[in-house]
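Structural features, examined
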Amino acid sequence: MNELVACLRTAGGDYDDVEVKSAAGGLPQSLASTLSALANHPGGGTIILGLDEATGFRPVQLADPQALKQGLAHKARSFSPPVQLTISDAEVDGAPVIVARVHECDPSAKPCRITA
């Protein structure tokens, strides 16, 4: 995780398969479009909740990490077909972050779209 964050800091922005969201105030509104984009992207991608791109990818305080993970999983089920995630906890600069690996949607089921 630290190596990926170092690369993001050096690049000064996200990659096409890595999206960083602060999530300090809860799940971001843009999460649905990010899930869709990564599920339709060849190879899928990664979402990191708990880093602020505007401050050089520094950690932010996450009020309720468990609620964020549950909300992320709930949002993933609102797609057709459902977005497949692997959600894990990690640390950046000693602070907790949430890492969601978004698996690529089966090509025969693309495009993956929100239904709810």
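Note that this is a predicted model, so its numbers are computed, not measured.

Here is what the cut-offs are and how they apply
- Residues numbered from 1 in each chain as written.
- Predicted model: local features only at pLDDT ≥ 70, side-chain atom pairs only at ≥ 80, totals over all residues.
- Heavy atoms only, no water.
- Buried < 20%, exposed > 50% of the residue type's maximum accessible area, 1.4 Å probe, protein only.
- Helix = DSSP H or I, 4+ residues; strand = E, 2+ residues; numbered from the N terminus.
- Contact = heavy atoms within 4.5 Å.
- Disulfide = S-S within 2.5 Å.
- Pairing = 2+ DSSP bridges.
- Right-handed = clockwise from strand over helix to strand, strands pointing away.

**A look at helix α2 (residues 31–40)**
- Burial of α2 is extensive: 7 of the 10 residues sit out of reach of the surface.
- Of the residues making up α2, those classed as buried are L31, A32, T34, L35, S36, L38 and A39.

**Quick word on the environment of L72**
- Following the sequence through the fold, L72 ends up in helix α3 (residues 65–76).
- L72 gets classed as buried once you look at its relative accessible area, which sits at 0%.
- The spatial distance from the C-alpha of L72 to the C-alpha of P96 is 16 Å, given a sequence separation of 24 residues.
- If we ignore the near neighbours within four places in the chain, the residues touching L72 are L27, L31, L49, L85, I87 and A100.

**Side note on the state of the cysteines**
- On inspection of all chains with the given rule, the structure shows 0 disulfides.
- Here C112 is not cross-linked by a disulfide; its sulfur's nearest cysteine counterpart is in C105, at 4.9 Å.

**Considerations on the pairing of strand β2 (residues 45–49)**
- Most of β2 is tucked away, with 5 of its 5 residues classed as buried.
- Residues of β2 alternate between two faces, with G45, I47 and L49 on one and T46 and I48 on the opposite face, all of them buried.
- Pairing between strand β1 (residues 18–21) and β2: 4 bridges, direction parallel. In the strand pairing of β2, V18 is matched with T46.
- Taken together, β1, α2 and β2 constitute a β-α-β crossover, and its handedness is right-handed.
- Relative to strand β7 (residues 95–102), β2 runs antiparallel, the two sharing 5 bridges. Bridge pairing in β7 links I48 to V99.

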